[in-house]
Amino acid sequence: MSRSRSPFTIVGIVGARPNFVKIAPIAAALAADGRLHLQLVHTGQHYDAALSDSFFADLSIPRPDINLEVGSGSHAVQTAEVMTRLEPVLDRVQPAAVLVVGDVNSTIAAALVAAKKGIPVVHVEAGLRSFDRRMPEEVNRVLTDQISDLLFVTESEAITNLHREGISPEKIFLVGNVMIDALRGHLKRATSATTTLRQAGFSLPERFAVLTLHRPSNVDHLGTLTRLMNGIAGIASEIPVVFPVHPRTAERLSAAGLSGILAPPSFMLLPPLGYLEMLGLTSSAALVLTDSGGIQEETTALGVPCFTLRENTERPATVTEGTNTVIGTDPARLLAAYAEFKTTGGKRGRIPELWDGKAAQRITAILAKKFSEVE
Ligand code: UD1
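Residues numbered from 1 in each chain as written. Predicted model: local features only at pLDDT ≥ 70, side-chain atom pairs only at ≥ 80, totals over all residues. Heavy atoms only, no water.

**Quick word on the packing of aromatic side chains**
Counted only if it meets this: For this analysis, a ring pair means two rings from Phe, Tyr or Trp (six-membered ring only for Trp) whose centres lie within 6.5 Å, classed as stacked if their planes differ by under 30 degrees, edge-to-face if by over 60, and tilted for the remaining angles. Strands here are runs of E lasting at least two residues and helices are runs of H or I lasting at least four, both read from the DSSP assignment and numbered beginning at the N terminus. Categorising residues by exposure relies on relative accessible area from a 1.4 Å probe, with only protein chains included: less than 20% of the type maximum marks a residue as buried, more than 50% marks it as exposed, and the intermediate range marks it as partly exposed.
As enumerated under the stated definition, the model contains five aromatic pairs in all. With a centroid separation of 6.4 Å and 80° between ring planes, the pair formed by Phe-307 and Phe-341 is classed as edge-to-face. Placement of Phe-307 in strand β13 (residues 306–308) and of Phe-341 in helix α15 (residues 331–344) is noted, with a sequence separation of 34 residues between them. For Phe-307, a relative accessible area of 5% translates into the label buried.

Given below as structure tokens:
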């Protein structure tokens, strides 16, 4: 068995904010190893500087080789645009594999194009299941896993899910969590909460909570959003809530006429933050309230209590082992959980297996073995 002279190419796909965090350690590990070449394709699903460019800078991600510039649209339009624009790229590059991360529309779109062309699909963060098919991300996860050839998982429950769905065990690898690789690699460089708040004209409170909210199921329905924000306002009357607002949520909050209750000192509203700013805030928060997936994992890694404002989580290790509690959106439940947090100080948790900052190295070793050696 001899090794090829020129490194083989893997096309890596990123589209939305959490994808950038996941590709960063993989790009770095592949470059350090040198046997495979990563060609990076940005679909353009997220295009605002605050949701995209700043992440490339903060995480030292190589400039994308190609930007498909799909932008926003309905799920069908966004998915279809990624597919149509990616196909000629794959025809030209003829990669050894296409690597997709996470569960966004760009993930399934790229996986589908590659699979139909007979190009091996590598899915990083496979096997997570909320068992709620109303979430667009759940549909994206289930379908991407079905057409993937290598599935890298972050926690053991994901393996059980994949076995149940008939995926052969030899395709599945428990490698740890690349998002936690990024966190460990950048924590020392995180922007201090003082600096981030000062830049927005606020001073640092002694203790504060951080809130993020962007799920369509939470923000797109006026009634749900209003109820949820009323519950959160109850907490904000006791501990200031720092709230970096996603563009989708900003639009919905003002349409719902909720801007009035979101005033200082209870609420400190910020624009969407860069990776290092967000890391600085979450790592020094007393409590995090979120409907994000990745933040449930980051708070577990940081040992910061997290209330998940959804009815379920696809990341059960954050609950069984970490600092996460699934609260839902009922204000009474939220306030009861906060009362308990005040007396106990919140869940302390432990770090799940292999969330040690080396997941991307494990992925690289497996990819290099499979794709850089020729008969
Ligand atoms: C997407 C992902 C979600 C992920 C989130 C992270 C899917 C199905 N959802 O949700 O899993 O957690 O990204 O943020 O892929 N917008 C801007 N600027 C941008 C991008 C979007 O203003 O750069 C606004 C547009 O009004 C757009 C809306 O945000 O319609 C929603 O964007 P979209 O990419 O459809 O989904 P997200 O809600 O961001």
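**Topic: the pairing of strand β2 (residues 8–14)**
Rule in force here: If you view a crossover with the strands going away from you and the path from the first strand over the helix to the second runs clockwise, you call it right-handed. Paired strands are those between which DSSP finds at least two bridges.
Across the seven residues of β2, six count as buried, placing the element largely inside the fold. Read as a crossover between parallel neighbours, the route from β2 over helix α1 (residues 17–33) to strand β3 (residues 36–42) is right-handed. Two elements, β2 and strand β5 (residues 97–101), share four bridges in a ladder whose sense is parallel. The residue bridging Gly-12 from the neighbouring strand is Leu-99, located in β5.

**Some thoughts on the environment of Asp-53**
Topologically, Asp-53 is positioned in helix α2 (residues 53–58). Classification of Asp-53 as partly exposed rests on a relative accessible area of 49%. It is 24 Å that separates the C-alpha atoms of Asp-53 and Arg-252, two residues lying 199 residues apart in sequence.

**Some remarks on the domain arrangement of the protein chain**
Here is the rule we go by: The split into domains, and so the bounds of each, comes from an automatic or database assignment of domains. Here, a salt bridge means any side-chain nitrogen of Lys or Arg that lies within 4 Å of a carboxyl oxygen of Asp or Glu. Counted as a polar contact is a pair of N or O atoms within 3.5 Å, where, for protein atoms, one must be capable of donating a hydrogen and the other of accepting one, and residues adjacent in sequence contribute only when both atoms are in side chains.
In terms of domains, the protein chain is made up of domain 1 (6–176 + 358–371) and domain 2 (188–344). Domain 1 and domain 2 are separated by 27 Å when their C-alpha centres are compared. If you look at where domain 1 meets domain 2, you find three salt bridges. The salt bridge involving Arg-215 is made with Glu-137; its shortest N-O contact spans 2.7 Å. Here domain 1 and domain 2 share seven residue pairs in polar contact (both at pLDDT 80 or more) between them.

**A closer look at the site of the ligand**
Our working rule: Note on definitions. A residue lies near a molecule or strand when any single heavy atom of the residue is within 4 Å of it.
In the neighbourhood of the ligand, 20 residues make up the surrounding shell, with Gln-45, His-46, Tyr-47, Asp-48 and Glu-137 lying closest. A distance of 2.8 Å is found between an oxygen atom of the ligand and a side-chain nitrogen or oxygen belonging to Gln-45. Between the ligand and Asn-105 there is a distance of 2.9 Å, counted from an oxygen atom to a backbone nitrogen or oxygen. Going through the elements one at a time, α1, α3 (75–93) and α11 (247–255) are the ones with two or more residues in the shell around the ligand. Per-domain counts for the shell around the ligand show at least three residues from each of domain 1 (6–176 + 358–371) and domain 2 (188–344).

**Structural notes on the sheet that holds strand β9 (residues 209–212)**
To be explicit about the condition: Every axis in this analysis is a line fitted to C-alpha atoms, fitted for helices over the stretch in contact. Angles between the N-to-C directions lie between 0 and 180 degrees. Any two residues whose heavy atoms approach within 4.5 Å at even a single point are treated as in contact.
Ordered in space as β11-β10-β9-β12-β13-β14, the six strands form an open sheet in which the pairing is parallel. Each edge of the sheet is formed by a strand with only one pairing partner; in this case those strands are β11 (267–270) and β14 (324–326). Ignoring which end each strand starts from, the neighbouring axes of this sheet average 20° apart. Of the pairings in the sheet, the one linking β9 to strand β12 (residues 287–290) comprises four bridges and is parallel in character. Paired with Ala-209 across the bridge in β12 is Leu-287. The strands touched by helix α13 (residues 294–302) within the sheet are β9, β12, β13 and β14, with β12 carrying the most contacts at an inclination of about 165°.

**Observations concerning the nonpolar core**
So the rule is basically this: By nonpolar core we mean a set of buried residues, namely Ala, Val, Leu, Ile, Met, Phe, Trp, Tyr and Cys, connected to one another through side-chain atoms within 4.5 Å.
Ranked by internal contacts, the top residues of the largest apolar core, which has 41 residues, are Leu-99, Tyr-275 and Leu-367. In this structure Leu-99 touches Ile-10, Val-11, Gly-12, Ile-13, Ile-23, Ile-26, Val-122, Val-124 and Leu-367, once residues within four positions along its chain are discounted. Val-219, Leu-228, Ile-232 and Ile-239 belong to the second largest nonpolar core, which has 28 residues in total.

**Details of the packing of α3 against helix α4 (residues 105–116)**
To keep things clear, this is the line we draw: By the definition adopted for this analysis, an angle is roughly parallel if under 35 degrees, roughly antiparallel if over 145, roughly perpendicular if from 65 to 115, and oblique otherwise. Whether a crossing is left-handed or right-handed is set by the direction in which the near helix is turned from the far one by less than a right angle, anticlockwise for left-handed and clockwise for right-handed.
As a packed pair, α3 and α4 sit with axes 8 Å apart at the nearest point and diverge in direction by 45°. On the basis of their axis angle, the class for α3 and α4 is oblique. In the packing of α3 onto α4, the handedness of the crossing is right-handed. Contacts between α3 and α4 involve His-75, Gln-78, Thr-79, Val-82, Met-83, Leu-86, Glu-87 and Leu-90 from the first element and Asn-105, Ser-106, Ala-109, Ala-110, Leu-112, Val-113 and Ala-114 from the second.

**As for the sheet that holds β3**
Ordered in space as β4-β3-β2-β5-β6-β7-β8, the seven strands form an open sheet in which the pairing is parallel. Because the sheet does not close on itself, it has two edges, and the strands there are β4 (66–67) and β8 (172–174). On the sheet, α1 packs against β2, β3, β5 and β6 (121–124) and is oriented at approximately 135° with respect to β5.

**Examining the packing of α1 against helix α16 (residues 359–371)**
Axes are the key here: two packed helices are described by the angle between their axes and the distance separating the axes. Note the threshold: Note on residue categories: nonpolar means Ala, Val, Leu, Ile, Met, Phe, Trp, Tyr, Cys or Pro, charged means Asp, Glu, Lys or Arg, and polar means any other residue, Gly included.
α16 packs onto α1 with a crossing angle of 55° between their chain directions and a minimal axis gap of 9 Å. One element, α1, and the other, α16, form an angle in the oblique class. Pair α1 / α16 crosses with right-handed handedness. Taking contact as the criterion, the partners of Pro-25, Ile-26, Ala-29, Leu-30 and Asp-33 in α1 are, on α16, Ala-360, Gln-361, Thr-364, Leu-367 and Ala-368. Residues belonging to the contact of α1 with α16 are distributed by class as follows: seven nonpolar, two polar and one charged.

**Quick word on helix α10 (residues 222–236)**
This is how it is decided: One fewer than the residue count of a helix, multiplied by 1.5 Å, yields its expected span. As used here, the arc is the angular range of directions from the helix axis to the C-beta atoms.
Here α10 contains 15 residues, and its C-alpha end-to-end distance of 20 Å stays within 8% of the 21 Å for a straight helix at 1.5 Å per residue. Within the span of α10, buried status applies to Leu-225, Leu-228, Met-229, Gly-231, Ile-232, Ile-235 and Ala-236. Summarising the axial view, the buried residues of α10 lie within an arc of 160°, below the 170-degree limit, and thus occupy one face.

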